[in-house]
Amino acid sequence: MASGLNKMASRVLTCLFTTDAGSLTASQLAQRLQVSPASISKAIAFLESQSLVRRERDDRRRDRYLVDDELFYQATIASARANDQLVETARQGVAVLGAHTPAAARLENIARFLDFISESIVRAAEQAREVLHSQRATPPGDPTPPGPDDGQPAVAPTLSGQSGQPASRS
């Protein structure tokens with residue numbers, strides 16, 4: 001199984017991520033990337049189908065395409081849920097083939113593997129979202145993340161869910 005973005009979708013996504021506003025119109029994208037509007041339209045359609053970009057109307061009724069941190073979280077969750085469909089299909093195959101056949105055992109192993117991976121992805125995405133949102137709550141210029149009010153030093157959050165070392169308060 002291969003995954004990833006084609007070249008044009010990658011270019012569009014990169015262009016959106018590297019603009020300060022985080023959003024552009026199709027015309028602006030075509031101009032910046034020096035490609036046809038049709039190329040942009042096709043790339044945007046794919047990116048929207050993967051929940052990697054969002055479309056909004058601006059005050060001049062033009063479609064603007066934008067990216068934000070939440071879109072990657074949503075795309076990751078959608079990917080995990082797609083695996084859930086594969087798990088269900090594999091388990092249906094186990095029932096059809098008979099639980100004690102070698103083919104059914106392979107399907108059950110596939111189902112167990114994908115189920116474990118999906119649950120891990122969802123947990124990691126939720127945890128990363130929580131950590132990144134808490135870091136965003138820190139005022140600009142304040143290197144200290146919010147900590148407990150018990151006089152103890154704040155502990156830097158980690159993506160592994162383990163407490164890190166005391167955060168620097170310099």
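An account of the accompanying structure is given in this report. What you see as residue numbers is a count from 1 along each chain, following the sequence as written. At least 70 in pLDDT is required for a residue's local features to be given in this predicted model, at least 80 for side-chain atom pairs to be given and counted, and no such filter applies to totals for whole chains, interfaces and linings, which use all residues. Side-chain numbers come from the whole structure's heavy atoms, not from hydrogens or water.

Only the stretch in contact is used when fitting a helix axis, every axis being a line fitted to C-alpha atoms; angles between N-to-C directions are given from 0 to 180 degrees. Strands are runs of DSSP state E lasting at least 2 residues, helices are runs of H or I lasting at least 4, and numbering of each runs from the N terminus. Packing of helix H1 (residues 7-18) against helix H2 (residues 26-33) brings their axes to within 11 Å, and their N-to-C directions diverge by 105 degrees. In this view, H1 runs roughly perpendicular relative to H2, as classed from their interaxial angle. Taking contact as the criterion, the partners of Arg11, Val12, Cys15 and Leu16 in H1 are, on H2, Leu29, Arg32 and Leu33. Here the angle decides the label: under 35 degrees means roughly parallel, over 145 means roughly antiparallel, 65 to 115 means roughly perpendicular, and every other value means oblique. We call two residues in contact when some of their heavy atoms are within 4.5 Å.

Here the focus is the pairing of strand E3 (residues 63-66). The pairing of strand E1 (residues 23-25) with E3 spans three bridges and is classified as antiparallel. Among the inter-strand pairings, serine 23 is bridged to a residue of E3, identified as leucine 66. Two strands qualify as a pair provided that DSSP identifies no fewer than 2 bridges between them. Sheet analysis places strand E2 (residues 54-57) next to E3, joined by four bridges and oriented antiparallel. Bridge assignment links arginine 54 to a residue of E3, and that residue is leucine 66.

For the rest of this paragraph, the subject is the sheet that holds E1. Spatially, E1-E3-E2 is the arrangement adopted by the three strands of the open sheet, whose pairing is antiparallel. Both edges of this open sheet fall to E1 and E2, since each of them pairs with a single strand only. Averaged over all neighbouring strand pairs, the angle between strand axes comes to 35 degrees, with direction disregarded. Those strands touched by H2 are E1 and E3, and its axis lies near 90 degrees from that of E1.

Turning to the side chain of serine 118, a few remarks are in order. On the secondary structure map, serine 118 appears in helix H5 (residues 102-136). Polar contacts involving the side chain of serine 118 include one to the side chain of aspartate 84, which spans 3.5 Å. Leave out the neighbours within four places in its chain, and serine 118 touches Ala80, Asn83 and Asp84. Side-chain atoms alone can form a polar contact between residues adjacent in sequence; in general such a contact is a pair of N or O atoms within 3.5 Å, and within protein one must be able to donate a hydrogen while the other accepts it.

Let us look at the packing of aromatic side chains. Centre distance within 6.5 Å is the pairing criterion for rings of Phe, Tyr and Trp, where only the six-membered ring of Trp is used; planes under 30 degrees apart are then read as stacked, over 60 as edge-to-face, and the remainder as tilted. Scanning the model with the defined rule gives zero aromatic pairs in all. Just above the ring of tyrosine 73 sits the side chain of arginine 129; from NZ or CZ to the centre is 3.9 Å. Counted as over-ring charges are cases with an Arg CZ or a Lys NZ within 6 Å of the ring centre that also lie within 35 degrees of the ring normal.

Let us now look at the nonpolar core. Buried Ala, Val, Leu, Ile, Met, Phe, Trp, Tyr and Cys residues that are joined via side-chain atoms within 4.5 Å together make up what is termed a nonpolar core. Three labels apply to residues, based on accessible area from a 1.4 Å probe with only protein chains included: buried if under 20% of the type maximum, exposed if over 50%, partly exposed otherwise in between. Formed by 20 residues in total, the largest nonpolar core has its most connected members in Val12, Leu16, Leu29, Ile40, Ile44, Leu47 and Val53. Among the secondary structure elements, those contributing two or more residues to this core are H1, H2, helix H3 (37-49) and helix H4 (69-97). The greatest single-element share of this core, amounting to six residues, is contributed by H1. Non-local contacts of valine 53, meaning those with residues more than four positions away in its chain, are made with Leu13, Leu16, Ile44, Leu47, Glu48, Leu66, Val67 and Leu71. By size, the runner-up hydrophobic cluster in this structure holds five residues, among which are Tyr73, Ala80, Val122 and Ala125.

The term salt bridge refers to a side-chain nitrogen of Lys or Arg lying within 4 Å of a carboxyl oxygen of Asp or Glu. In this structure the tally under the stated criterion is seven salt bridges. Two residues, glutamate 70 and arginine 129, come together in a salt bridge whose shortest N-O distance is 2.3 Å. One end of the pair, glutamate 70, is in helix H4; the other, arginine 129, is in helix H5, and 59 residues separate them in sequence. Its relative accessible area of 29% is what places arginine 129 among the partly exposed residues.

Considering the arrangement of structural elements, one finds alanine 26 in helix H2. Linking alanine 26 and tyrosine 65, residues 39 residues apart in sequence, is a C-alpha distance of 7.5 Å. Not counting chain neighbours up to four residues away, the residues in contact with alanine 26 comprise Ile40, Asp63 and Tyr65.

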